[in-house]
Number of protein chains: 2
Amino acid sequence: MKNVNEEKSGAVEKFKEFLRQKKMRQTSERVLIVEKIYSMNTFFSAQALHEDINKDIHVSLATIYSTLNLLLECNLIIRHNFNSQNILYEKFPSGANSYYRICIKCNKVKAFTDKKLKKSIDLRNSTAFSIGNHTLYLYGICKKCKEKMAKAKC
Amino acid sequence: MKNVNEEKSGAVEKFKEFLRQKKMRQTSERVLIVEKIYSMNTFFSAQALHEDINKDIHVSLATIYSTLNLLLECNLIIRHNFNSQNILYEKFPSGANSYYRICIKCNKVKAFTDKKLKKSIDLRNSTAFSIGNHTLYLYGICKKCKEKMAKAKC
DNA sequence: TTTGTTGCAAAACGTTTGCAGCCTC
DNA sequence: GAGGCTGCAAACGTTTTGCAACAAA
């Protein structure tokens, strides 16, 4: 198991390399934002990230968004749209994969891991398309909602 | 292979049943919207659907959105967020599953099918979570972009 | 007849943009 | 020192909401 700090410094390094390649500048704001994101373990909205960072130092929302777009571009974060209102971001370390169970009744989202499935999906790599990360969403009904529905029928 | 009209009438039926259960009204607008969606075979934006429908009869954008939300709720459509700007919808017939390859360089999206993978994912069904449909996104680099990158290095 | 639904316009929300000043390189 | 980046506020596109008129049950 990789530790959190290794993951974070790996992400910062990858981001800096990406900026170098694009001949873009390494600003303190950009680095701080990646570090913050890689210190979290939950989904987050752009707003929440903005508020969180601004407890420490002042960074404008425009900068938050511009950096989020760069991080999306270099695959260090992903963007979820679980339900129509909230758009949520999440760190996405290289080699990681995201699996989610989404209850279509209560909208709760639960992340899980599945090594076997991961292996099987990674096998889909081909010359026509080199797979980096992948994301799987399972839509269904959770135990609680199933029980509720059973009760309602009685 | 199920034919398109069967699929469409199945969707309409499922939607009507959903409305009945929620004690909501079966309006001509609602039915027309599902029918239209199930006649298409591509991703679509709310705007595009609105324009398309309004060639025939007048339906307001507010009604389009309210119906899209109902269809999301009863799992007859899904919402994609491939790149940060466009939000796209797609029909999602029961039993169908969506697999997508997304190039992180050129942002092109290609849908594909994979029966083996589908079987393997369906096996993840459990008492804790009953899986309905699922969606898999593979993020990677397509052949064209790989070739471009190889050329750039020379 | 009753009450939910529609259309319209305005509001809300997340995100982007233009510009002046600042800070990397 | 030059040009890219930031902050601010205004603009933008998508989605939601409030209200009066309408229509399904």
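Residues numbered from 1 in each chain as written. Chains lettered and ligands numbered in written order. Predicted model: local features only at pLDDT ≥ 70, side-chain atom pairs only at ≥ 80, totals over all residues. Heavy atoms only, no water.

Brief notes about the relation of the copies chain A and chain B
Okay, so step 1: Mapping chain A onto chain B calls for a screw motion: a turn of 180 degrees about the axis and a shift of 0.0 Å along it, with 0.1 Å RMSD after fitting. Taken together, the rotation angle and the small translation identify this as a two-fold axis. Within chain A, Leu136(A) has its C-alpha nearest the rotation axis, a separation of 2.2 Å.
Okay, so step 2: In this assembly the copies share their binding face: 100% of the residues contributing to the interface of chain A also contribute to that of chain B. (Least-squares fit on C-alpha atoms with pLDDT ≥ 70 in both. Contact = heavy atoms within 4.5 Å.)

Here we look at the confidence of the model for chain A
For residues with low pLDDT, the predicted coordinates do not support detailed interpretation.
Okay, so step 1: Per-residue confidence for chain A averages 91 on the pLDDT scale, and 95% of its residues sit at or above 70.
Okay, so step 2: For chain A, the element scoring lowest by mean pLDDT is helix α6 (residues 143-153) of chain A, at 81; helix α2 (residues 28-37) of chain A scores highest, at 98. (pLDDT = per-residue confidence, 0-100. Helix = DSSP H or I, 4+ residues; strand = E, 2+ residues; numbered from the N terminus.)

Details of the side chain of Arg124(B)
Okay, so step 1: Structurally, the position occupied by Arg124(B) is in the loop between α5 (115-122) and β5 (129-142).
Okay, so step 2: In this view, Arg124(B) contacts Asp114(A), Lys116(A), Leu117(A) and Ile131(B); residues no more than four positions away in its chain are not counted.

Considering α2(A)
Side chains three or four residues apart in an α-helix point the same way, a direct result of the helix having 3.6 residues per turn.
Residue and element names in this part refer to chain A.
Okay, so step 1: Along α2, the positions that sit buried rather than exposed are Arg 30, Val 31, Ile 33, Val 34 and Ile 37. For α2, the angular spread of buried residues about the axis comes to 160 degrees, placing them on one side.
Okay, so step 2: Residues of α2 that are buried sit in contact with α1 (4-21), α3 (46-53), α4 (61-73), β1 (77-80) and β2 (88-91). (Buried < 20%, exposed > 50% of the residue type's maximum accessible area, 1.4 Å probe, protein only. Arc of directions from axis to C-beta.)

Some words on the pattern of salt bridges
Residues and elements named next belong to chain A.
Okay, so step 1: Tallied over the entire structure, the rule returns 16 salt bridges over all chains.
Okay, so step 2: Notably, a salt bridge pairs Lys 91 with Glu 7, separated by 3.0 Å at the nearest N-O pair. Of the two residues, Lys 91 is situated in strand β2 and Glu 7 in helix α1; the sequence distance between them amounts to 84 residues.
Okay, so step 3: The exposure class of Lys 91 is buried, given its relative accessible area of 15%.
Okay, so step 4: Salt bridges sharing partners connect three or more residues here, namely Glu 13, Glu 17 and Arg 20. (Salt bridge = Lys/Arg side-chain N within 4 Å of Asp/Glu carboxyl O.)

Some details on the protein's contact with DNA strand C
Okay, so step 1: In the vicinity of DNA strand C lie 23 residues, with Tyr65(A), Arg25(B), His58(B), Ser60(B) and Thr63(B) positioned nearest.
Okay, so step 2: Sugar and phosphate atoms represent 75% of those atoms of DNA strand C found within 4 Å of the protein.
Okay, so step 3: Arg25(B) is positioned with one of its side-chain polar atoms (N or O) 2.8 Å from a base oxygen of DNA strand C.
Okay, so step 4: Residue Thr27(B) places a side-chain N or O atom 2.9 Å away from a phosphate oxygen belonging to DNA strand C.
Okay, so step 5: Listed by contribution, the elements that provide at least two residues to the surface near DNA strand C are α4 of chain A together with α2 (28-37) and α4 (61-73) of chain B.
Okay, so step 6: Per element, the largest residue contribution to the surface near DNA strand C is four residues, and it comes from α4(A).
Okay, so step 7: When the residues that make up the surface near DNA strand C are grouped by side-chain class, the tally is nine nonpolar, nine polar and five charged. (Near = heavy atom within 4 Å. Polar contact = N/O pair within 3.5 Å; in protein donor to acceptor, adjacent residues only side chain to side chain. Nonpolar A, V, L, I, M, F, W, Y, C, P; charged D, E, K, R; others polar.)

Re the packing of helix α3 (residues 46-53) of chain B against α4(B)
Residues and elements named next belong to chain B.
Okay, so step 1: Following both chains from N to C, one finds α3 and α4 inclined at 120 degrees, their axes separated by 10 Å at the closest point. By the angle between their directions, the pair α3 and α4 is classed as oblique. In the packing of α3 onto α4, the handedness of the crossing is right-handed. Mapping the contact onto sequence places Ala 46, Gln 47, Leu 49, His 50 and Ile 53 in α3 and Leu 61, Ile 64, Tyr 65 and Leu 68 in α4.
Okay, so step 2: Residue classes in the contact of α3 with α4 are distributed as seven nonpolar, two polar and no charged. (Axes fitted to C-alpha atoms, helices over the stretch in contact; angles between N-to-C directions. Parallel < 35°, antiparallel > 145°, perpendicular 65-115°, else oblique. Left-handed = near helix turned anticlockwise from the far one by under 90°.)

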